[in-house]
Amino acid sequence: YMDNKSTTIKTLKSFETFKQVVKDYFKDTSTEKFMVFYLDDKNKIISVNEHTSKNSEYVTIDTSLLLDQLAILKPKQVVIAHNHPSGSVTPSNADDYTTSKLVMLLKLHDVSLLDHIIIGKDKYYSYFAEGRLQNIQKITDIDKILKKSISEDNYEKEIFSIIDACYSSVCN
């Protein structure tokens, strides 16, 4: 992998290898941070960036920075990871919300979210390994949501309805 800590480019061949790479980024970290690992279609890490945005209640990903990096790097896959300095690796509602939001955002850019990993003191939680990512992907399938909200039969009617609503709110 390539980042500010190393000039080695690494192709990830197993989850165990990747888990170690992720753990290295959170070694000796006492504050919560959010990392994004950008990968090409052969699982080679293109870049690793911290995308921490501090909310009053939790740390989440800075989506504007993520969008910039998607445009620049053009990755095919992404893995997100963050730490819980408390040591607990149980996903919070905010973790699920962020994962759901990113699944949809990345899908719109033809990028796959491979995993969301939470690092604790001596433990980790993998959304993929636990099946949680697959459940979120089913619920947040943006193609199904769009097709369901605007069926082909009602497409023209729905579009004009949306345009009318926008026009009414702007002009009135």
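Below is a summary of the structure that appears in this document. Keep in mind the model is a prediction, meaning the values are calculated, not measured.

**Quick notes on the packing of helix 2 (residues 63-73) against helix 3 (residues 93-108)**
Between two packed helices, both the angle of their axes relative to each other and the distance between the axes serve to describe the pair.
Consideration 1: The contact between helix 2 and helix 3 brings their axes to 12 Å, and the two run at 30°. Relative to helix 3, the element helix 2 is oriented roughly parallel. As for how helix 2 packs across helix 3, the hand of that crossing is right-handed. Residue-level inspection shows T63, L66, L67 and L70 of helix 2 in contact with helix 3, the latter providing K101, L102, L105 and L106.
Consideration 2: Split into classes, the residues belonging to the contact of helix 2 with helix 3 amount to 6 nonpolar, 1 polar and 1 charged.

**What about the packing of aromatic side chains?**
Consideration 1: In this structure the tally under the stated criterion is 2 aromatic pairs.
Consideration 2: Judged by centre distance (5.4 Å) and plane angle (85°), the ring pair of Y25 and F37 falls under edge-to-face. Highlighted residues: Y25 in helix 1 (residues 15-26) and F37 in strand 1 (residues 34-39), separated in sequence by 12 residues. For the pair shown, Y25 and F37 are each scored as buried.
Consideration 3: Where Y125 meets Y127, the ring centres are 5.6 Å apart and the plane angle is 85°; that geometry is what we call edge-to-face.
Consideration 4: Among the residues examined, Y127 registers a relative accessible area of 0% and is labelled buried.

The rules behind these values
Residues numbered from 1 in each chain as written. Predicted model: local features only at pLDDT ≥ 70, side-chain atom pairs only at ≥ 80, totals over all residues. Heavy atoms only, no water. Axes fitted to C-alpha atoms, helices over the stretch in contact; angles between N-to-C directions. Helix = DSSP H or I, 4+ residues; strand = E, 2+ residues; numbered from the N terminus. Parallel < 35°, antiparallel > 145°, perpendicular 65-115°, else oblique. Left-handed = near helix turned anticlockwise from the far one by under 90°. Contact = heavy atoms within 4.5 Å. Nonpolar A, V, L, I, M, F, W, Y, C, P; charged D, E, K, R; others polar. Phe/Tyr/Trp six-rings, centres within 6.5 Å; stacked < 30°, edge-to-face > 60°. Buried < 20%, exposed > 50% of the residue type's maximum accessible area, 1.4 Å probe, protein only.

Shape descriptors only; they carry no functional weight alone.
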